Amino acid sequence: PDDDPYKPYRDDDPDLLTNRPVLDRVAVASAGIVANVACAFAVLFAQVCTVGTFDFSYSPGVRVPEVATASAADRAGMRAGDVVVAVEGKRLAASASAVKDLARRVSLQPGESTRLTLLRDGSNVEVTIVADDAYAPTVGVEGGMRQKPRLGVTLMPNSTAVNHKPSDPVEALAMASHSFNSLASSVTGSLRKLITAPEVAMDTLSGPVAVVAVGSEVARGGNGGMYQFAAAVNINLAVWNAMPLPALDGGYITLYLLELLRRKKLPKELERSVMSGGLLMFLALGMVLVVRDTAALL
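Residues numbered from 1 in each chain as written. Predicted model: local features only at pLDDT ≥ 70, side-chain atom pairs only at ≥ 80, totals over all residues. Heavy atoms only, no water.

Undergrad: Before we go on, may I ask you to explain the overall build of the protein in this structure?
TA: In terms of regular secondary structure, the protein is built from 9 helices and 8 strands. Each of the 298 residues in the protein was classed as buried or not, and the buried ones make up 30%. Relative to all contacts within the protein whose residues are 6 or more apart in sequence, the contacts with residues 24 or more apart total 62%. Accessible area for the protein stands at about 18,300 Å²; split by element, carbon and sulfur atoms hold 61% of it. (Helix = DSSP H or I, 4+ residues; strand = E, 2+ residues; numbered from the N terminus. Buried < 20%, exposed > 50% of the residue type's maximum accessible area, 1.4 Å probe, protein only. Contact = heavy atoms within 4.5 Å. Areas by Shrake-Rupley, 256 points an atom, 1.4 Å probe, with all protein chains shown as cover.)

Okay, structure coming up:
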């Protein structure tokens, strides 16, 4: 350690990182962030060149993969495999938001009916559905139960997976860049939620236990998912490390930039106190997440 009286170097040794120019120290602190970004892009480029990328091609309507027995949907005559193409005569679009659109249009008031047009075996079938007024578990309600209207169906977008592979290196770079931008936007969006809606975002914040559990599930789904998972982990690490928080690379960079503005070094005691406090904070958060995620797996 630097405060060891028997250390084999002088405090003013110009080769020590603490004695290097500010920009040199910023470059060293940024190396981990740059490495994570480069690793994420390399993983996505490898995915594009091997298994390709997978997009979804949407058709009009909402697919019904499952219908609960004796539910409102079952009584109305809906079957697994049906595609809801219209609600009260209004067509559903070919998009990922068609499920939300259907949920908005269907009346969930007990006793009120909604007319649905289904596509079944190439033919249109008209059904009328009336929501159940069933008891459902609900957080925050005395006794944990309350009456909540239900249809008794599982809904999913009417889509099929489409595999794309590049025809040349330039297209491969473009596809990898597109995948990287999509993942980065998703990660930064989650980070914004952590700041603007912390009570909601904390429920989705995961520790190492949950990350390993998700990784094992992704691994069962094939190589394409593992590429995306590995890239997402690296992008998450890059974004979190870049944040100006104590004990993170972004925290060190912030202190170095403050030193550059002050034109003199910050007191060593202050820097150590800030970084030690941040380290303890992240260790405590990590322990909380490990306990919570472990309990969720049991």
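There's more to say after this.
Undergrad: Mind showing me how you'd approach the packing of helix H1 (residues 22-50) against helix H4 (residues 169-196) here?
TA: For any two helices packed against each other, one specifies the inter-axial angle together with the distance between the axes. Viewed as axis vectors pointing N to C, H1 and H4 meet at an angle of 125°, and their least axial separation amounts to 9 Å. Taken together, the axes of H1 and H4 lie oblique to each other. In this structure, the crossing between H1 and H4 has a hand that is right-handed. Together, Val37, Ala40, Phe41, Leu44, Phe45, Val48 and Cys49 of H1 and Pro169, Ala172, Leu173, Met175, Ala176, Ser177, Ser179, Phe180 and Leu183 of H4 make up the contact between the two elements. (Axes fitted to C-alpha atoms, helices over the stretch in contact; angles between N-to-C directions. Parallel < 35°, antiparallel > 145°, perpendicular 65-115°, else oblique. Left-handed = near helix turned anticlockwise from the far one by under 90°.)

Undergrad: What am I meant to see in empty space enclosed by the protein here?
TA: Space left empty within the atom packing is revealed by a probe, the size of a water molecule, rolled over the atoms. Enumeration over the complete set of coordinates arrives at 2 cavities of 30 Å³ or more. Volume-wise, the largest cavity comes out at about 50 Å³. (1 Å grid on protein atoms, 1.4 Å probe; cavity = no way out; pocket = protein on both sides within 12 Å on 5 of 7 lines; lining within 4 Å. Points joined across faces, edges and corners; volume = space filled by probe spheres on them.)

Undergrad: Looking at this structure, how should I read H1?
TA: Because each turn of an α-helix spans 3.6 residues, side chains separated by three or four positions in sequence point in the same direction. Between its first and last C-alpha, H1 extends 42 Å over 29 residues, near the 42 Å set by a 1.5 Å rise per residue. Maximal helix bending in H1 amounts to about 40°, located at serine 30. Those residues of H1 that fall on the buried side of the exposure criterion are Val22, Arg25, Val26, Ala29, Ser30, Ile33, Asn36, Ala40, Val43, Leu44, Gln47 and Val48. Of the residues flanking the end of H1, it is glycine 52, one or two places downstream, whose phi is positive at about 80°. (Expected span 1.5 Å × (residues − 1). Bend = angle between axes of the 7 residues up to and from the residue.)

Undergrad: Can you help me understand the pattern of salt bridges in this one?
TA: When the charged atoms of two side chains lie near each other, side chains of opposite charge can form a pair. Applying the stated criterion to the full structure yields 7 salt bridges. Of the charged contacts in the structure, one is a salt bridge between arginine 105 and aspartate 101, with a shortest N-O distance of 2.8 Å. Of this pair, arginine 105 and aspartate 101 both sit in helix H3 (residues 98-105), separated by 4 residues, roughly a single helical turn. A residue is classified by how much of its surface remains accessible, and arginine 105, at 30% relative accessible area, is partly exposed. Residue arginine 115 pairs with glutamate 126 through a salt bridge whose shortest N-O separation is 3.6 Å. One end of the pair, arginine 115, is in strand S4 (residues 113-120); the other, glutamate 126, is in strand S5 (residues 123-130), and 11 residues separate them in sequence. The exposure class assigned to glutamate 126 is partly exposed, which follows from its relative accessible area of 48%. Overlapping salt bridges, with partners in common, bring together Glu88, Arg115 and Glu126 in one network. (Salt bridge = Lys/Arg side-chain N within 4 Å of Asp/Glu carboxyl O.)

Any link to function would need more than the numbers given here.
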